[in-house]
Amino acid sequence: MATDELVKTTGIAQHGASRLPSVEVDSFNIEIKDDEGFLGDRASKGAFREILEEWRKPLRKSGEDPFGDEPSDKISKKALDAVLSGDDAEAAAVVHSAIEQFAQELAYVTRRFLKTKAWARTECIVVGGGFRASRLGEIAIARAEIILKSEGFKVDLVPIRFDPDDAGLIGALHLAPSWIFEAYDSILAVDIGGTNIRCGIVETRWKKAPDLSKAVVFKSDLWRHADDEPSREAAVKRLVKMLQGLIEDAEAEGFKLAPFIGIACPGVINADGSIEKGAQNLPGNWESSKFNLPASLVEAIPQVGEHDTAVLMHNDGVVQGLSEVPFMQGIDRWGVLTIGTGLGNARFTNRRNGKERDSTEGKKKSKENNKDTAKADKE
């Protein structure tokens, strides 16, 4: 599909836009290097596993490794969380040591972001990604905050409120223009990652909360594409099938589904929906000038209900961060770091700030909200 035809079909906004309905996106997906390479590599899931392995080595040499022969990258987060509250003091000490070292790395990386022009005067940083969805992740985030504050940085680090899997879908609501929520009660959302593709029906619950703070993922579908190693074309075909199934489900459940698909995707997203860079972990070449995912989806799903389909795509770190918009209205500038295969990042400035609350009260409220972890409001 030609670019000019795509613009006519999805003319409600640009892909990868810096100006969104509730925020200005000051920066996203910035890559900072030091002598050891990209900073993001120092605060990723893989980095934590490498640190854990290093702390196990001395014990392994003496035959006292509490984890036995299990490779460090194969120990589940659930198992590590259980160790933290278990009776094996030595195993717990190993995990705590790894958490402390990782927290030091996270603090270092965060410090470097805060010193950039784009991240100046950041008041709060939300930490998401798969690593956050664990007790050890929460401890590492809290410890990194303490380290930064001990160094004089006046910034809060808080775990993302929603489960990271849900946040990557719920955030897509904040790509859509607000008028959509007056006419429809749900949207389709897609979260594309280097391992999985997740699609979902996101229920807005706009009548209960116009700020979208009560939005929930009604249903989601997950495909672990890394196991299948598909071609790019096969991946898009599977994605279309998933979305078509969700459209049928929404109709069966009586939802008034908006003709809108919000997409979270790794990399630098251009205004025409092409991907400039950063999509190297996706199946096939997604950075090709001949490939345009939004155009492919509009071509495959030209209508939802009786209206033309509109598709908007943005960086996955941006979209996950956008799920926090309702809870950041008491402050002006905030950011998101997503700890996963790499380190996603975005910095926002609120466009609709809660003027009735001062910044201190707003930060306190946002922190209280985020302590209610990993659950959307089920009311």
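Conventions and cut-offs
- Residues numbered from 1 in each chain as written.
- Predicted model: local features only at pLDDT ≥ 70, side-chain atom pairs only at ≥ 80, totals over all residues.
- Heavy atoms only, no water.
- Core = buried A, V, L, I, M, F, W, Y, C linked by side-chain atoms within 4.5 Å.
- Buried < 20%, exposed > 50% of the residue type's maximum accessible area, 1.4 Å probe, protein only.
- Contact = heavy atoms within 4.5 Å.
- Pairing = 2+ DSSP bridges.
- Helix = DSSP H or I, 4+ residues; strand = E, 2+ residues; numbered from the N terminus.
- Axes fitted to C-alpha atoms, helices over the stretch in contact; angles between N-to-C directions.
- Arc of directions from axis to C-beta.
- Patch = residues over 30% accessible without salt bridge, like charges linked within 9 Å, V, L, I, M, F, W, Y side chains within 5 Å.
- Areas by Shrake-Rupley, 256 points an atom, 1.4 Å probe, with all protein chains shown as cover.
- Salt bridge = Lys/Arg side-chain N within 4 Å of Asp/Glu carboxyl O.
- Lys, Arg positive; Asp, Glu negative; His and termini not counted.
- Charge placed at Lys NZ, Arg CZ, Asp CG, Glu CD.
- Phe/Tyr/Trp six-rings, centres within 6.5 Å; stacked < 30°, edge-to-face > 60°.
- Lys NZ or Arg CZ within 6 Å of the ring centre and 35° of its normal.
- Parallel < 35°, antiparallel > 145°, perpendicular 65-115°, else oblique.
- Nonpolar A, V, L, I, M, F, W, Y, C, P; charged D, E, K, R; others polar.

*Asks:* Even after reading the chapter, I still don't get the nonpolar core, so can you show me in this structure?
*Replies:* Soluble globular proteins tend to bury their nonpolar side chains together. Counting residues in hydrophobic clusters, the biggest one holds 42 residues, and the most contacted among them are Phe-260, Trp-334 and Phe-348. Discounting chain neighbours no more than four positions away, the residues touching Trp-334 are Val-23, Thr-122, Cys-124, Val-126, Gly-321, Glu-324, Val-325, Met-328, Arg-347, Phe-348 and Asn-350. Within the second largest apolar cluster, 41 residues are counted, among which are Ala-43, Ile-75, Val-83 and Ile-99.

*Asks:* Please explain the sheet that holds strand E9 (residues 257-265) as it appears in this structure.
*Replies:* Strand pairing within a sheet occurs via backbone hydrogen bonds; the two strands may be parallel or antiparallel. Within the open sheet, the five strands sit side by side as E8-E7-E6-E9-E14. Their pairing is mixed. The open sheet has two edge strands, strand E8 (216-223) and strand E14 (310-315), and neither has a second partner. Within this sheet the neighbouring strands show an average axis-to-axis angle of 20°, counted without direction. Two elements, E9 and E14, share six bridges in a ladder whose sense is parallel. Opposite Phe-260, over in E14, you have Ala-310 as the bridge partner. Packing against the sheet, helix H9 (residues 232-252) makes contact with strand E6 (186-192), strand E7 (197-203), E8 and E9, and its axis sits at approximately 20° to E7. Relative to the sheet, helix H10 (residues 293-300) contacts E6, E9 and E14, its axis offset from that of E14 by approximately 155°.

*Asks:* Would you mind going over helix H3 (residues 77-84) with me for this structure?
*Replies:* Since the α-helix turns once every 3.6 residues, residues separated by three or four places project in the same direction. Of all the residues in H3, the buried ones are Leu-80, Asp-81, Val-83 and Leu-84. Angular distribution of buried residues about the axis of H3 spans 155°; they occupy a single face of the element. Here the buried face of H3 lies against helix H2 (45-61), helix H4 (89-114) and helix H5 (135-150).

*Asks:* Where do I start with a negative patch on the surface in this structure?
*Replies:* A contiguous patch of negative charge on the surface is contributed by Glu-64, Asp-87, Asp-88 and Glu-90. By relative accessible area, which is 44% here, Glu-64 ends up partly exposed.

*Asks:* Can you help me understand unusual backbone geometry in this one?
*Replies:* Among all residues save glycine, negative phi is the norm, and among peptide bonds the norm is trans. A positive phi angle is found at Leu-212, which is not glycine, with a value near 70°. Within the secondary structure, Leu-212 is located in the loop between E7 and E8. Residue class for Leu-212 comes out buried when judged on its relative accessible area of 5%. Located in the positive-phi region is Glu-229, a residue other than glycine, with phi close to 50°. Tracing the sequence through the fold places Glu-229 in the loop between helix H8 (225-228) and H9. Looking at Glu-229, the relative accessible area reads 68%, which means it is exposed.

*Asks:* Hey, could you run me through the packing of aromatic side chains in this one?
*Replies:* Any two aromatic rings considered together are summarised by their centre-to-centre distance and by the angle between their planes. Tallied over the entire structure, the rule returns eight aromatic pairs. Look at Phe-48 and Phe-102: their rings are 5.8 Å apart centre to centre, the planes differ by 85°, and that puts the pair in the edge-to-face class. With Phe-48 in helix H2 and Phe-102 in helix H4, this pair connects stretches of sequence that are 54 residues apart. Pairing Phe-113 with Trp-119 gives two aromatic rings, centres 5.2 Å apart and planes at 45°, and the pair type is tilted. Considered together, Phe-113 and Trp-119 belong to a single accessibility category, that of buried residues. The ring of Phe-327 has Arg-161 lying over it, and the distance from NZ or CZ to the ring centre is 4.5 Å.

*Asks:* Hey, could you run me through the pattern of salt bridges in this one?
*Replies:* A side chain of one charge can pair with a side chain of the opposite charge when the charged atoms of the two come close. A full pass over the atoms with the stated rule returns 20 salt bridges. A salt bridge links Lys-277 to Glu-31; the shortest N-O distance between them is 4.0 Å. Of this pair, Lys-277 sits in strand E11 (residues 275-277) while Glu-31 sits in the loop between strand E1 (23-28) and strand E2 (33-34); the two residues are 246 residues apart in sequence, bridging distant segments of the chain.

*Asks:* So what exactly am I meant to see when it comes to the sheet that holds strand E15 (residues 333-339) here?
*Replies:* Pairing is mixed across the open sheet formed by five strands, whose spatial order is E1-E16-E15-E4-E5. Strands at the two margins of the open sheet, each flanked by one partner only, are E1 and strand E5 (156-159). Geometrically, the sheet is characterised by an average inter-axis angle of 25° between neighbouring strands, direction not taken into account. Alignment of E1 against strand E16 (residues 343-350), held across five bridges, turns out to be antiparallel. For Phe-28, the partnering residue across the bridge sits in E16 and is Ala-346. Helix-sheet contacts for H5 involve strand E4 (124-128) and E5, and the interaxial angle to E5 is about 175°.

*Asks:* Would you explain the packing of H3 against H5 in this entry?
*Replies:* Two packed helices can be described by the angle between their axes and the distance between those axes. Two elements in contact, H3 and H5, have axes separated by 8 Å at closest approach and are oriented at 70°. Taken together, the axes of H3 and H5 are roughly perpendicular relative to one another. Between H3 and H5, the residues in contact are Lys-77, Leu-80, Asp-81 and Leu-84 and Arg-135, Leu-136 and Ile-139, respectively. Within the contact of H3 with H5, the residues separate by chemical class into four nonpolar, no polar and three charged.

*Asks:* Whenever I open this one, the pairing of E9 confuses me. Can you help?
*Replies:* Successive side chains on a regular strand alternate, one facing one side of the sheet and the next facing the other. Within E9, nine of the nine residues are buried, which leaves the element mostly enclosed by the surrounding structure. Across five bridges, the pairing between E6 and E9 is parallel. Residue pairing across strands places Ser-186 opposite Leu-257, the latter belonging to E9.

*Asks:* Explanation requested: the side chain of Glu-105 in the structure shown.
*Replies:* Within the secondary structure, Glu-105 is located in helix H4. Residue class for Glu-105 comes out buried when judged on its relative accessible area of 19%. Leaving out residues up to four positions away in the same chain, Glu-105 has contacts with Arg-42 and Ile-51.

Fair warning: the whole summary comes from geometry, so function is off the table for now.
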